[in-house]
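What follows is the residue order along each chain.
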There are 2 protein chains.
Amino acid sequence: MHRLFCDAPLVMGERAVVSSDDLHHVKNVLRMKDGETLALVDPTGATAMGTIDTKDGFCIRCGEVSPSAAQEAGGNITLYMGLAKGDKFDFVVQKAVELGASRIVPVAFARSVVKITAKDEEKKCTRWNKIAREAAMQSGRLFLPEVTRPMSVAQVCADIEGMHTLVAYELEKNCSIADGLASVPTDAPLGLIVGPEGGIEEREVEAFCASGAVSISLGSRIMRCETAPIALLSVAQFVRGGMDARKEEV
Amino acid sequence: MHRLFCDAPLVMGERAVVSSDDLHHVKNVLRMKDGETLALVDPTGATAMGTIDTKDGFCIRCGEVSPSAAQEAGGNITLYMGLAKGDKFDFVVQKAVELGASRIVPVAFARSVVKITAKDEEKKCTRWNKIAREAAMQSGRLFLPEVTRPMSVAQVCADIEGMHTLVAYELEKNCSIADGLASVPTDAPLGLIVGPEGGIEEREVEAFCASGAVSISLGSRIMRCETAPIALLSVAQFVRGGMDARKEEV
């Protein structure tokens, strides 16, 4: 069944609040008719059946609402990703959503060549959330992942307090991904930190570790900055059961 | 130390056979001088120290040759990848090399929209091997992975005979990646088969399985055709120790 991500909480009997792009898609691409149904998910994760209603203009009428119950295999993963050049960040957003990230946080590291001005921030975030939404629909995600505003290293340190977090660090030689993941319960929220093209500075890694993060190695091959988050997310999902369809509860 | 992939077997005392691009790089970018040394690897995996020799024109003189001894963590993995649209195949070649694939085989599936004519084949293969070489140098690979000529499904069936092979199939519901990898000794050569945009047809999967392949699921999220091989390779490397720098023998 087709699934739509709504922009406001679902209320039984009311019109579902969906973007005009999505409404256009349902009406003119899927060509759904009066009485046909689709699945609705709201920002809280609550779900409902939606029914096309054309009596008073084309809309989607919300049925009985079920509180958030679905659980995606692999659980809650936040990817903290260094701002990167060109369309690399776009690429990482798309792939991270396909691989089940719940939340993507752009991070301004000391070595991030790309600087985002306050003026650009709004535009960039809108663009990244649009990519995330498209990838979520295409890959059949149960929830819509969020791309947050960019954070500084200090803000990330505050954000990861109390969360199990791994930071990929190329100078780490002793702790493997397996070691790092072994200390995290598979259903606990997980943070993954990956740096920009130039890597993460030692003092930044130290700051994350002081906030409870564990520094890990991705092995002896050097990955590009856009490859590292994909590899790390793939492995984390695998270890947490997120690549096993039998572990998903819908 | 800088590492060059040579095009012919190394012979002690002779000039190393390297591409003109690589020689240009050593001479004009790295600006190496008479007597300076670098590491050489030949197509058999044999290694030698090379010394810059400018007495009779700029060349790299080969030192004592050691037979292939180095072993990359993760071992021997062949990726059989469906021909895909646009620059997706280029992208997969680059990422697969970063993630340690030893050999990449383009496959013409029934649903491959892209068809390669005999005329194009030479040009495409040259291009893909150039991408593989650049990625191998950039990521610090010990061996130069090969991109072969495209194969048909029947040719792949012959190629995987006797090899442990997993085929990612979206209609597979019972066997996870973990199940599939559990049956493969971590040091045995491994084949991974991933289809094109439209997926693999059932009869194609049946043909692979009749040749000994095991059909696996990548989970309930739908990955794009270029994401699946990256996720699958990442997980396979992880399980085989290929993301643990401590397991590499140089």
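Structure: above.
Owing to the predicted nature of the structure, the values given are computational and were not obtained by experimental measurement.

J.: Would you explain the interface of chain B and chain A in this entry?
T.: Think of interface size as the accessible area that goes away when the parts come together; that is how it is often given. Residue-level contacts link 41 residues of chain B with 41 residues of chain A. Regarding the contact of chain B and chain A, the summed buried area is about 3500 Å², with carbon and sulfur atoms giving 54% of it. Among the residues chain B hides against chain A, the three largest losses belong to B:Arg221, B:Phe238 and B:Met243. Together they make up 22% of the total. Summed over the shared surface of chain B and chain A, the result is six salt bridges. As a salt-bridge pair, A:Arg246 and B:Asp179 come within 3.1 Å of each other at their nearest N and O atoms. The tally of links between chain B and chain A comes to 22 residue pairs in polar contact (both at pLDDT 80 or more). The biggest single contributor to the side of chain B that touches chain A is helix 7 (residues 227–239) of chain B, with eight residues. By residue class, the composition of the side of chain B that touches chain A is 16 nonpolar, 13 polar and twelve charged.

J.: How should the environment of A:Met243 be read in this particular structure?
T.: Within the secondary structure, A:Met243 sits in the segment after helix 7 (227–239). Along the backbone, A:Met243 and A:Met49 are 194 residues apart, and their C-alpha atoms lie at a distance of 27 Å. Once residues within four sequence positions are removed from consideration, A:Met243 is found in contact with A:Leu99, A:Ser234, A:Gln237, A:Phe238, B:Ile177, B:Ser217, B:Leu218, B:Gly219, B:Met223, B:Ala231 and B:Val235.

J.: Looking at this structure, I do not really get the packing of aromatic side chains. What am I missing?
T.: Any two aromatic rings considered together are summarised by their centre-to-centre distance and by the angle between their planes. Residue and element names in this part refer to chain B. Under the definition given, this model contains six aromatic pairs over all chains. Their ring planes at 80° and their centres at 6.1 Å tell us that Phe109 and Phe208 sit as a pair that is edge-to-face. Taken as a pair, Phe109 in the loop between strand 6 (103–108) and helix 3 (118–139) and Phe208 in helix 6 (residues 202–210) lie far apart in primary sequence, 99 residues in all.

J.: Just checking my understanding: could you explain the environment of A:Trp128 for this structure?
T.: Residues and elements named next belong to chain A. When you line up the elements, Trp128 lands in helix 3 (residues 118–139). Along the chain, Trp128 and Ala16 lie 112 residues apart, while their C-alpha atoms are 23 Å from each other. With sequence-adjacent residues up to four places away left out, Trp128 is seen in contact with Leu83, Phe89, Asp90, Val93, Pro106, Ile116 and Val147. A distance of 3.0 Å separates a polar atom in the side chain of Trp128 from a polar atom in the side chain of Asp90.

J.: Can you help me understand the packing of helix 2 (residues 88–98) of chain A against helix 3 of chain A in this one?
T.: Each pair of packed helices can be summarised by the angle the axes make with each other and by the distance between the axes. Residue and element names in this part refer to chain A. For the pair helix 2 and helix 3, the least separation of the axes is 8 Å and the interaxial angle reads 30°. In the packing of helix 2 onto helix 3, the handedness of the crossing is right-handed. Each of Phe89, Asp90, Val93, Gln94, Val97 and Glu98 in helix 2 lies in contact with helix 3, whose residues at this interface are Arg127, Trp128, Ile131, Ala132, Ala135, Ala136, Gln138 and Ser139. Among the residues forming the contact of helix 2 with helix 3, the class breakdown is eight nonpolar, three polar and three charged.

J.: Quick question: what am I supposed to make of the sheet that holds strand 2 (residues 37–41) of chain A here?
T.: The strands making up a sheet associate through hydrogen bonds between their backbones, and the pairing can be parallel or antiparallel. Residues and elements named next belong to chain A. Across the sheet, which stays open at both edges, the four strands sit in the order 1-2-3-4 with mixed pairing between neighbours. The outermost strands of the open sheet, each flanked by one partner alone, are strand 1 (3–5) and strand 4 (59–66). When strand polarity is set aside, the average angle formed by the axes of neighbouring strands in this sheet is 35°. Across the sheet, helix 1 (residues 20–29) lies against strand 1, strand 2, strand 3 (47–53) and strand 4, angled at about 160° from strand 1, the strand it touches most.

J.: What's the story with the sheet that holds strand 3 (residues 47–53) of chain B in this structure? I'm lost.
T.: All names here are of chain B. Strand order in this open sheet of four strands is 1-2-3-4, and the pairing throughout is mixed. Strand pairing shows two members of the sheet lacking a second neighbour, strand 1 (3–5) and strand 4 (59–66), which therefore form its edges. If you compare each strand with its neighbour and ignore which way they point, the axes differ by 35° on average. Where strand 3 meets strand 4, six bridges bridge the pair, whose relative direction is antiparallel. Bridging across to strand 4, Gly50 finds its partner in Cys62. Of the strands in this sheet, strand 1, strand 2 (37–41), strand 3 and strand 4 touch helix 1 (residues 20–29), which is tilted by about 160° from strand 1.

J.: I would appreciate a short explanation of helix 2 (residues 88–98) of chain B in the present structure.
T.: Structural remark: α-helix, 3.6 residues per turn; residues separated by three or four positions point the same way. Summarising burial for helix 2 of chain B: ten of the eleven residues are buried, a large majority. In the stretch just after helix 2 of chain B, B:Gly100 is the one whose phi turns positive, near 90°.

J.: Explain the nonpolar core to me, please; I cannot follow it from the model alone.
T.: Within the largest apolar cluster, 88 residues are counted, with the highest numbers of intra-cluster contacts made by A:Trp128, A:Ile177, A:Leu192, B:Ile177 and B:Leu192. Ignoring sequence-local partners within four residues, the contact set of B:Leu192 consists of B:Ile77, B:Thr78, B:Leu79, B:Tyr80, B:Thr165, B:Leu166, B:Leu232, B:Leu233 and B:Ala236.

J.: I keep staring at the pairing of strand 5 (residues 77–82) of chain A and nothing clicks. Help me out?
T.: Residue and element names in this part refer to chain A. Among the six residues in strand 5, six count as buried, and that is most of the element. Both faces of strand 5 are covered, namely the face carrying Ile77, Leu79 and Met81 and the face carrying Thr78, Tyr80 and Gly82. Two strands pair when backbone bridges link them, and strand 5 and strand 10 (residues 190–194) are joined in this way by five bridges, in the parallel orientation. Residue Met81 lies in a different strand from strand 10, and its bridge partner there is Val194. For strand 5 and strand 6 (residues 103–108), the ladder comprises five bridges, and the chain directions are parallel. Looking across to strand 6, one finds that Gly82 is bridged to Val107.

J.: I would appreciate a short explanation of the environment of B:Lys85 in the present structure.
T.: All names here are of chain B. With respect to the helices, strands and loops of the structure, Lys85 is situated in the loop between strand 5 (77–82) and helix 2. Among the residues examined, Lys85 registers a relative accessible area of 43% and is labelled partly exposed. Placed 110 residues apart in sequence, Lys85 and Gly195 show a C-alpha to C-alpha distance of 12 Å. Ignoring any residue separated from it by four or fewer positions in sequence, one finds Lys85 in contact with Val113, Val114 and Glu197.

J.: Teacher, can you tell me more about the pattern of salt bridges here?
T.: Where charged atoms from two side chains of opposite charge approach closely, those side chains can pair. Under the counting rule described, the total for this entry stands at 34 salt bridges over all chains. Overlapping salt bridges, with partners in common, bring together A:Lys95, A:Glu98, B:Arg224 and B:Glu226 in one network.

J.: Help me understand the relation of the copies chain B and chain A in this model?
T.: In this arrangement, two copies of a chain are superimposed by a rotation about an axis accompanied by a shift along the axis. You can overlay chain B on chain A at an RMSD of 0.1 Å; the transform is a turn of 180° with a shift of 0.0 Å along its axis. Taken together, the rotation angle and the small translation identify this as a two-fold axis. Considering only C-alpha atoms, the part of chain B nearest the rotation axis is B:Val235, at 2.7 Å. In this assembly the copies share their binding face: 100% of the residues contributing to the interface of chain B also contribute to that of chain A.

So, how was this worked out
- Residues numbered from 1 in each chain as written.
- Chains lettered and ligands numbered in written order.
- Predicted model: local features only at pLDDT ≥ 70, side-chain atom pairs only at ≥ 80, totals over all residues.
- Heavy atoms only, no water.
- Contact = heavy atoms within 4.5 Å.
- Buried area = accessible area lost by both parts, 1.4 Å probe.
- Salt bridge = Lys/Arg side-chain N within 4 Å of Asp/Glu carboxyl O.
- Polar contact = N/O pair within 3.5 Å; in protein donor to acceptor, adjacent residues only side chain to side chain.
- Helix = DSSP H or I, 4+ residues; strand = E, 2+ residues; numbered from the N terminus.
- Nonpolar A, V, L, I, M, F, W, Y, C, P; charged D, E, K, R; others polar.
- Phe/Tyr/Trp six-rings, centres within 6.5 Å; stacked < 30°, edge-to-face > 60°.
- Axes fitted to C-alpha atoms, helices over the stretch in contact; angles between N-to-C directions.
- Left-handed = near helix turned anticlockwise from the far one by under 90°.
- Pairing = 2+ DSSP bridges.
- Buried < 20%, exposed > 50% of the residue type's maximum accessible area, 1.4 Å probe, protein only.
- Core = buried A, V, L, I, M, F, W, Y, C linked by side-chain atoms within 4.5 Å.
- Least-squares fit on C-alpha atoms with pLDDT ≥ 70 in both.

Read these as spatial facts, not as claims about activity.
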